[in-house]
Amino acid sequence: MVEPAGNALRAVEGAQLAAGDRVLILGPGAIGLLCALLARAAGAEVHLLGVTEESMGFARELGFEHMWTEQTLPELPVDAVIDAATSAELPARAIQLVEPGGRVVYIGLASSPSQIDTRELVLGDLTAVGVLSASPGLPGAIAAFTSGNVDPRPLVAATIGLDEVAEVLAGTRPTGAGPAPKIHIDPRR
């Protein structure tokens, strides 16, 4: 969990959130939820945009009360948007959702190219940040976990051995897995 949390921490840092800032995180998957946990620990008001009731219900179980779909998202000022989804349409939507002068952080990758209108980026005086490597965020992620400010354990649905990795990578969820988004691999099993 440290490696994805390093990426998530870099995304939250890229959003430059201050206590009380409102952040909208697109995609309540493992990275999006780690971003949400880290942003909440930093004192931000966290909102999440999801698609499925399962993922949004799980986020609610983690204590996130501001859950929206595209259809239910209210018009509210957002200081930063973190796109942790895999939709090719959401990068452009992120620019439209953030307040002028705000920040948009891109960490999610779609399987097809995304298109953004740079006129909206420029006219909104927005800062766009892309995050790829977890390495610079690893020490901070470890500190967040060891301090108890962020507990990643609820995000793990199951722990499997190496002999089950191929099935999971093929899309099969392990027997007995919980609703969480992350499957942990323990090579000792």
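Above this text sits the structure in question.
Quick caveat, the model's predicted, so the values are computed rather than measured.

Asks: Whenever I open this one, the overall build of the protein confuses me. Can you help?
Replies: Scanning the protein from N- to C-terminus turns up 7 helices and 8 strands. The C-alpha radius of gyration computed for the protein amounts to 16 Å, which stays within 12% of the reference 16 Å derived for 189 residues, consistent with globular compactness. In terms of its C-alpha atoms, the protein occupies a principal-axis envelope of roughly 55 × 35 × 30 Å. Taken across its 189 residues, the protein has 46% of its residues classed as buried. The long-range share in the protein, meaning contacts at least 24 apart out of those at least 6 apart in sequence, stands at 62%. Counting every atom, the protein has about 9,800 Å² of accessible surface; 54% of that belongs to carbon and sulfur. Here the protein contributes 12 positive and 22 negative side-chain charges, whose respective centroids are spaced 5 Å apart.

Asks: Help me out: how do you make sense of the packing of aromatic side chains in this one?
Replies: What describes a pair of aromatic rings is the distance from one ring centre to the other and the angle between the planes of the rings. Under the definition given, this model contains 0 aromatic pairs. Of note, Arg40 hangs over the ring of Phe64, and the distance from its end group to the ring centre comes to 4.1 Å.

Asks: Looking at this structure, I do not really get the packing of helix α1 (residues 2–15) against helix α2 (residues 30–41). What am I missing?
Replies: Each packed pair of helices is defined by two parameters, the angle between the axes and the distance between the axes. Packing of α1 against α2 leaves a shortest axis separation of 8 Å and a crossing angle of 55 degrees. If you check the angle between α1 and α2, you find them oblique. In terms of crossing hand, the pair formed by α1 and α2 is right-handed. In contact with Pro4, Ala5, Ala8, Leu9, Ala11 and Val12 of α1, α2 contributes Ile31, Leu34, Cys35, Leu38 and Ala39. Class assignment for the residues of the contact of α1 with α2 results in 11 nonpolar, no polar and no charged.

Asks: Just checking my understanding: could you explain the pairing of strand β2 (residues 45–49) for this structure?
Replies: Each regular strand carries side chains that alternate between the two faces of the sheet. Judged by how many residues are buried, β2 sits mostly within the fold: 4 of 5 residues are covered. Of the pairings in the sheet, the one linking strand β1 (residues 22–26) to β2 comprises 5 bridges and is parallel in character. If you follow Leu26 over to β2, its bridge partner there is Leu49. For the crossover that starts at β1, traverses α2 and ends in the parallel β2, the hand is right-handed. Here 2 bridges tie β2 to strand β3 (residues 67–68), and the two strands are oriented parallel to one another.

Asks: Help me out: how do you make sense of the sheet that holds β3 in this one?
Replies: The strand order across the open sheet built from 6 strands is β3-β2-β1-β4-β5-β6, with neighbouring strands paired in parallel fashion. Looking at which strands have only one partner, the edges of the open sheet turn out to be β3 and β6 (127–130). The sheet strands contacting α1 are β4 (80–83), β5 (103–106) and β6, and the helix crosses β5 at an angle near 165 degrees.

Asks: Can you walk me through the environment of Val23 in this structure?
Replies: Inspection of the secondary structure puts Val23 in strand β1. With relative accessibility at 0%, the residue Val23 sits in the buried group. Once you skip the residues sitting within four places of it in the chain, Val23 turns out to touch Leu17, Ala39, Ala44, Glu45, Val46, His47, Val78, Ala80 and Ile82.

Asks: What's the story with helix α3 (residues 53–61) in this structure? I'm lost.
Replies: Since the α-helix packs 3.6 residues into each turn, any two residues three or four apart lie on the same face. Among the residues making up α3, those that are buried are Met56, Gly57, Phe58 and Ala59. Immediately beyond the C-terminal end of α3, within one or two residues, lies Gly63, with a positive phi of roughly 95 degrees.

Asks: When you look at the packing of α1 against helix α6 (residues 138–147) in this model, what are you seeing that I'm missing?
Replies: Between α1 and α6, whose axes approach to 8 Å, the crossing angle comes to 105 degrees. As judged from the angle between their axes, α1 and α6 are roughly perpendicular. Contacts between α1 and α6 involve Val2, Glu3, Ala5, Gly6 and Leu9 from the former and Leu138, Gly140, Ala141, Ile142 and Phe145 from the latter.

Criteria and cut-off values
- Residues numbered from 1 in each chain as written.
- Predicted model: local features only at pLDDT ≥ 70, side-chain atom pairs only at ≥ 80, totals over all residues.
- Heavy atoms only, no water.
- Helix = DSSP H or I, 4+ residues; strand = E, 2+ residues; numbered from the N terminus.
- Rg over C-alpha atoms; globule rule 2.2 N^0.38 Å.
- Buried < 20%, exposed > 50% of the residue type's maximum accessible area, 1.4 Å probe, protein only.
- Contact = heavy atoms within 4.5 Å.
- Areas by Shrake-Rupley, 256 points an atom, 1.4 Å probe, with all protein chains shown as cover.
- Lys, Arg positive; Asp, Glu negative; His and termini not counted.
- Charge placed at Lys NZ, Arg CZ, Asp CG, Glu CD.
- Phe/Tyr/Trp six-rings, centres within 6.5 Å; stacked < 30°, edge-to-face > 60°.
- Lys NZ or Arg CZ within 6 Å of the ring centre and 35° of its normal.
- Axes fitted to C-alpha atoms, helices over the stretch in contact; angles between N-to-C directions.
- Parallel < 35°, antiparallel > 145°, perpendicular 65-115°, else oblique.
- Left-handed = near helix turned anticlockwise from the far one by under 90°.
- Nonpolar A, V, L, I, M, F, W, Y, C, P; charged D, E, K, R; others polar.
- Pairing = 2+ DSSP bridges.
- Right-handed = clockwise from strand over helix to strand, strands pointing away.

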